[in-house]
Amino acid sequence: MSDDGFIETAGLSKVYAFGEVEVAALRDVTLSIPRGRLVGITGASGSGKSTLMNLLGGLDTPSAGTIRVDGRLISDLNKRELALYRRDTIGMIFQSFNLVGAYTALENVAFPLLFAGVAKKRRRERAAEILKAVGLEGRMHHRPTELSGGEQQRVAIARALVNEPRILLADEPTGNLDSKTSRQIMEILADLNRSRGLTLIMISHEQALLREFSNEVISLQDGAVVTREALR
Amino acid sequence: MRISDYIEVAGSNLWKRKLRTILTTVGVVIGIGALVCMFAFGQGVQRNITDQFNKVDVLNNIVVSPPRQDGRRRLRDSDDPDDSARAAGPVAVADANGATRAKLDARFLEEARKIPGVETVFPELRFPAQIRVGAKERFTLVQVLSADICRSGSMPMRAGRCYDANEPNALMVSETFVHRLGIGGPQDAIGREVEVVTLSLDFGLRSLMRMAFPQEGKMGLPVARSSYRFKIVGVAERMPFGGMSDAYVQPEAADGMRKLAFTNIWDLYQEPGEGANYSSVTVKAKSPADVPAIKKELESRGYNTFTLMDQFDQMRIGFLIMDMFLLAVGMIGITVASLGIVNTMVMSILERYREIGIMKAVGATDGDVQRIFLFESGAIGLLGGMFGLALAGSVAFVINEVINAIMVRQHAPRMAYFSFPWWLCLGAILFSVLVSLLAGLYPTGRAARVDPVVALRHD
Ligand SMILES: Nc1ncnc2c1ncn2[C@@H]1O[C@H](COP(=O)(O)OP(=O)(O)OP(=O)(O)O)[C@@H](O)[C@H]1O
Ligand SMILES: [Mg+2]
């Protein structure tokens, strides 16, 4: 199979209905993303970036159009299959980190392994390993409130990696961080893309930073792709 | 997910909200405790009554009495409206073909013995007598009772023993009679010599003369008094067999006594020439299973029957109604407790709304989410069930001690008023878990359907 169409969407649309009024969050998006690329997505607030990301990540289902990942028709999966797709193929990172406040860093990172049926001892070993890889070996038993924003996002990255996904989706991962920390996070992500061959799709408002690290930047406007800019 | 993980996750989540978990669980503890207590009491009452029946081995007995029509018919006019109603019942059969034949005489005893399933047949014969102990003298009815019936266990003894077939001069009395005679406790009565004075009709010449020419201080009736010597060998608990008699002698002894045999007031209306009829006869079946057939046979011959078996069946319906009532009362507590669980689960799910979104984002299926929460409500049910059982046990213990303290002072034997059969204990815990799971079904179903996109959307 050609790496050209690792992630493919065709005529992808998402319409939200408020009674009589319909909001088209995404209109007829057709994309093809090769394996191992780092693709940046940008656009104004409300342009449909998060909507696209949620569809690719299998958290939501399209109103029309198809999504294929590695040849598999994701848009046709049922709820259970989507859950397994999220578990095995996708790692997600959010602007607000979305860590479980009651859990320590280690427990947060080990959390996805619970649903994969991994034994407790193995879960902890694996989580510790990955936390070390993102430079948090000294913070394993801290809760999110005891960590800085950058540290929290590194925990979230570790959690996204723990199930060894092939695709990493990051929705404004640096949106809550200062510029220095933002750069650190970007470097970690770009390194994962390079060293592990992870396909990475990243939403960001920070044009300069995005252009510096991405292979390609896609711009959305009112739910439609307006420009695709290949960088390297 | 693994079962051990569900348990661990549920446990740690409950532990994190200790106060709420405890309060919710206490609700279940009280609900289950009340229900189990009620049930255990119902079971205790039933067990005590059933034991009593089984101990005295009376379920095999059918008490047969002649159709009541003789006396009553003659006292009432047949235009009594009741009669038309009675004509439909089994008594009518007696009226139609049993009026002259359905008698409890020696021939009946013989024929009843031939009915399949009958073990023994013994008449119940009572006669009036004066019983004298020292200077004390009391009037009573003496019952004729064979030694083997006494020894079959039908008569719980307070002191002494049942008489033997080869000691015709042995007498047994009831505990109440000992009291009436004022000879101290049951133990003091054993071995005492008593004099039994009977009355009998005397149509001898001297008696008739006396009737014709009454003398000073002597009765004018043709009645003779005869005195017999007996020795008390046993004191029976209370008054068995309907409580009519206070003293018991053996048939062999009774045969040799001159007496006026009657117990039933209608016996006085007995037509001359009808011969000696028994007021009632007890037919003992080989096993309780034979009772219904024998009873039917006797009724078809025109006799009235009374069995404790019937009473027992009636009682079983009563038990069922009692159980239902106790259950209904107990269910109130359970209902309130399960509302508590619903409330706790709804709150817990609202609090962890975002966490549910995270679970789904990292690969939890709807089923995983629902089961995580169901294990929580199930755990509340399990804890509630176990502590509820413990609570019921402690409350039952205290109540039992209090009742016994009161009852023993009134000379009642010590008893366990509550019964906790294994199925009740196991059932209570299972029921508690089941109710909790049911209560958790709606909130956890909601948790499973949480839309992760909505849950994760940043504030
Ligand atoms: N669950 C929803 N129900 C209704 N409308 C929605 C829903 N999610 C998104 N929308 C609408 O769809 C449009 C696109 O939203 P989306 O979140 O994809 O934008 P975005 O590009 O991520 O914006 P931002 O940069 O602010 O995060 C918006 O107009 C939004 O109001
Ligand atoms: Mg967004």
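These lines cover the structure that appears in this document, whether it is placed above or below. As the structure is a prediction and not an experimental result, all values here were calculated from the model. (Residues numbered from 1 in each chain as written. Chains lettered and ligands numbered in written order. Predicted model: local features only at pLDDT ≥ 70, side-chain atom pairs only at ≥ 80, totals over all residues. Heavy atoms only, no water.)

### Quick look at the overall build of chain B
Right, on to step 1. Along chain B, the regular secondary structure elements total 17 helices and 10 strands.
Right, on to step 2. In chain B, which comprises 459 residues, the share counted as buried stands at 44%.
Right, on to step 3. In chain B, once contacts between residues fewer than 6 apart in sequence are set aside, the share between residues at least 24 apart is 80%.
Right, on to step 4. Accessible surface computed for chain B: about 23,700 Å², of which carbon and sulfur atoms make up 62%. (Helix = DSSP H or I, 4+ residues; strand = E, 2+ residues; numbered from the N terminus. Buried < 20%, exposed > 50% of the residue type's maximum accessible area, 1.4 Å probe, protein only. Contact = heavy atoms within 4.5 Å. Areas by Shrake-Rupley, 256 points an atom, 1.4 Å probe, with all protein chains shown as cover.)

### Describing the packing of aromatic side chains
Right, on to step 1. Applying the stated criterion to the full structure yields 6 aromatic pairs over all chains.
Right, on to step 2. Their ring planes at 10 degrees and their centres at 5.0 Å tell us that Tyr6 of chain B and Phe375 of chain B sit as a pair that is stacked. Here the residue Tyr6 of chain B occupies a position in helix 1 (residues 3-16), and Phe375 of chain B occupies one in helix 15 (residues 366-409), the gap between them amounting to 369 residues.
Right, on to step 3. Cluster of aromatic residues (ring-pair linked, three or more members): Tyr103, Phe111 and Phe115 of chain A. (Phe/Tyr/Trp six-rings, centres within 6.5 Å; stacked < 30°, edge-to-face > 60°.)

### With respect to the interface of chain A and chain B
Right, on to step 1. Listed by partner, the interface residues are 28 residues for chain A and 24 residues for chain B.
Right, on to step 2. When chain A packs against chain B, close to 2,300 Å² is buried across both sides, 59% of that on carbon and sulfur atoms.
Right, on to step 3. When the buried surface of chain A facing chain B is broken down by residue, Leu59, Asn98 and Phe115 of chain A rank first, second and third, together holding 24% of it.
Right, on to step 4. Connecting chain A to chain B are 3 salt bridges.
Right, on to step 5. Among the salt bridges present, the one from Asp366 of chain B reaches Lys79 of chain A, with a minimum N-O distance of 2.7 Å.
Right, on to step 6. Counting the contacts that link chain A with chain B gives 6 residue pairs in polar contact (both at pLDDT 80 or more).
Right, on to step 7. Counting residues per element, the ones that place at least two in the side of chain A that touches chain B are helix 2 (79-89), helix 3 (105-115) and helix 4 (120-133) of chain A.
Right, on to step 8. A total of 6 residues in the side of chain A that touches chain B trace back to one element, the largest contributor, which is helix 2 of chain A.
Right, on to step 9. Taken together, the residues of the side of chain A that touches chain B break down into 14 nonpolar, 6 polar and 8 charged. (Buried area = accessible area lost by both parts, 1.4 Å probe. Salt bridge = Lys/Arg side-chain N within 4 Å of Asp/Glu carboxyl O. Polar contact = N/O pair within 3.5 Å; in protein donor to acceptor, adjacent residues only side chain to side chain. Nonpolar A, V, L, I, M, F, W, Y, C, P; charged D, E, K, R; others polar.)

### Concerning unusual backbone geometry
All names here are of chain A.
Right, on to step 1. In this structure, Asp28 is a non-glycine residue whose phi angle is positive, near 45 degrees.
Right, on to step 2. Mapped onto the elements of the fold, Asp28 is located in strand 2 (residues 21-33).
Right, on to step 3. Here Asp222, not a glycine, exhibits a phi torsion of approximately 50 degrees, which is positive.
Right, on to step 4. Tracing the backbone shows Asp222 in the loop between strand 9 (216-221) and strand 10 (224-230).
Right, on to step 5. Relative accessible area serves as the criterion here: at 52%, Asp222 is assigned to the exposed category.

### A closer look at the sheet that holds strand 5 (residues 72-73) of chain A
All names here are of chain A.
Right, on to step 1. Pairing within the open sheet is antiparallel, and its 4 strands lie in the order 2-1-4-5. This sheet does not close on itself; its edge strands, each paired only once, are strand 2 and strand 5.
Right, on to step 2. Pairing between strand 1 (residues 7-18) and strand 2: 9 bridges, direction antiparallel. Bridged to Glu8 within strand 2 is Ser32.
Right, on to step 3. On top of the sheet, helix 1 (residues 49-56) reaches strand 1, strand 2 and strand 4 (64-69); it is set at about 120 degrees to strand 1, its chief contact. (Pairing = 2+ DSSP bridges. Axes fitted to C-alpha atoms, helices over the stretch in contact; angles between N-to-C directions.)

### Quick notes on the site of ligand 1
Right, on to step 1. Surveying the vicinity of ligand 1 reveals 14 residues, the closest of which are Ser45, Lys49, Ser50 and Thr51 of chain A together with Arg457 of chain B.
Right, on to step 2. In this structure, ligand 1 sits where chains A and B come together, each supplying nearby residues.
Right, on to step 3. Within the side chain of Arg457 of chain B, an N or O atom sits 2.4 Å from a nitrogen atom of ligand 1.
Right, on to step 4. Within the complex, 72% of the 630 Å² of free accessible area of ligand 1 lies under protein.
Right, on to step 5. Elements with a minimum of two residues in the shell around ligand 1: strand 1 and helix 1 of chain A.
Right, on to step 6. Of the residues forming the shell around ligand 1, the biggest block, 3 residues, is contributed by helix 1 of chain A.
Right, on to step 7. Considered class by class, the residues forming the shell around ligand 1 number 4 nonpolar, 7 polar and 3 charged. (Near = heavy atom within 4 Å.)

### Focus on helix 2 of chain A
Side chains three or four residues apart in an α-helix point the same way, a direct result of the helix having 3.6 residues per turn.
Right, on to step 1. Those residues of helix 2 of chain A not exposed but buried are Leu82, Ala83, Tyr85, Arg86, Arg87 and Thr89 of chain A.
Right, on to step 2. Where helix 2 of chain A begins, one side-chain oxygen reaches toward the backbone nitrogen of Arg80 of chain A, 3.2 Å away; that side chain belongs to Asn78 of chain A.

### Quick notes on the sheet that holds strand 9 of chain A
All names here are of chain A.
Right, on to step 1. Spatial strand order, 6-7-8-3-9-10: 6 strands in an open sheet with mixed pairing. Each edge of the open sheet carries a strand with a single partner, namely strand 6 (90-94) and strand 10. Shown here is a sheet whose adjacent strand axes are inclined to one another by a mean of 15 degrees, direction ignored.
Right, on to step 2. Where strand 7 (residues 167-171) lies against strand 8 (residues 199-203), 5 bridges are found, and the strand directions are parallel.

### Some thoughts on the pairing of strand 1 (residues 61-65) of chain B
Residue and element names in this part refer to chain B.
Right, on to step 1. Relative to strand 9 (residues 280-285), strand 1 runs antiparallel, the two being bridged by 4 bridges. Among the inter-strand pairings, Asn61 is bridged to a residue of strand 9, identified as Lys284.
Right, on to step 2. Direction of pairing for strand 1 relative to strand 10 (residues 304-307): antiparallel, over a ladder of 4 bridges. Looking at strand 10, one finds that Ile62 is bridged to Thr307.

### Some points on the nonpolar core
Right, on to step 1. Ranked by internal contacts, the top residues of the largest apolar core, which has 74 residues, are Ile7, Leu52, Phe111, Phe115, Leu169 and Ile201 of chain A together with Phe373 of chain B.
Right, on to step 2. Setting aside anything within four residues of it in sequence, one finds Leu52 of chain A in contact with Leu12, Leu26, Val29, Leu31, Ile41 and Leu220 of chain A.
Right, on to step 3. Membership of the second largest hydrophobic core comes to 46 residues, among which are Ile62, Ala112, Val133 and Ile232 of chain B. (Core = buried A, V, L, I, M, F, W, Y, C linked by side-chain atoms within 4.5 Å.)

### Observations regarding the environment of Ser148 of chain A
Right, on to step 1. Structurally, Ser148 of chain A is set in the loop between helix 4 and helix 5 (149-161).
Right, on to step 2. Separated by 33 residues in the primary sequence, Ser148 of chain A and Thr181 of chain A have C-alpha atoms spaced 9.9 Å apart.

### As for the pairing of strand 3 (residues 38-43) of chain A
Here is the key point about a regular strand: its side chains alternate between the two faces of the sheet.
Residues and elements named next belong to chain A.
Right, on to step 1. Extensive coverage of strand 3 is indicated by the burial of 6 of its 6 residues.
Right, on to step 2. Going residue by residue along strand 3, you find Leu38, Gly40 and Thr42 tucked away on one face and Val39, Ile41 and Gly43 tucked away on the opposite face as well.
Right, on to step 3. As paired elements, strand 3 and strand 8 share 4 bridges and run parallel to each other. Note on strand 8: the bridge partner recorded for Val39 is Ile201.
Right, on to step 4. Taken together, the 5 bridges between strand 3 and strand 9 define a ladder with parallel strand orientation. Bridge pairing in strand 9 places Ile41 opposite Ile218.

### Examining helix 14 (residues 353-361) of chain B
All names here are of chain B.
Right, on to step 1. Along helix 14, 7 of the 9 residues are buried, which leaves the element largely enclosed by surrounding structure.
Right, on to step 2. Listed as buried for helix 14 are Glu355, Ile356, Gly357, Ile358, Met359, Lys360 and Ala361.
Right, on to step 3. Looking one or two residues past helix 14, Gly363 carries a phi angle of roughly 115 degrees, positive in sign.

Purely spatial values, then, with no claim about function.
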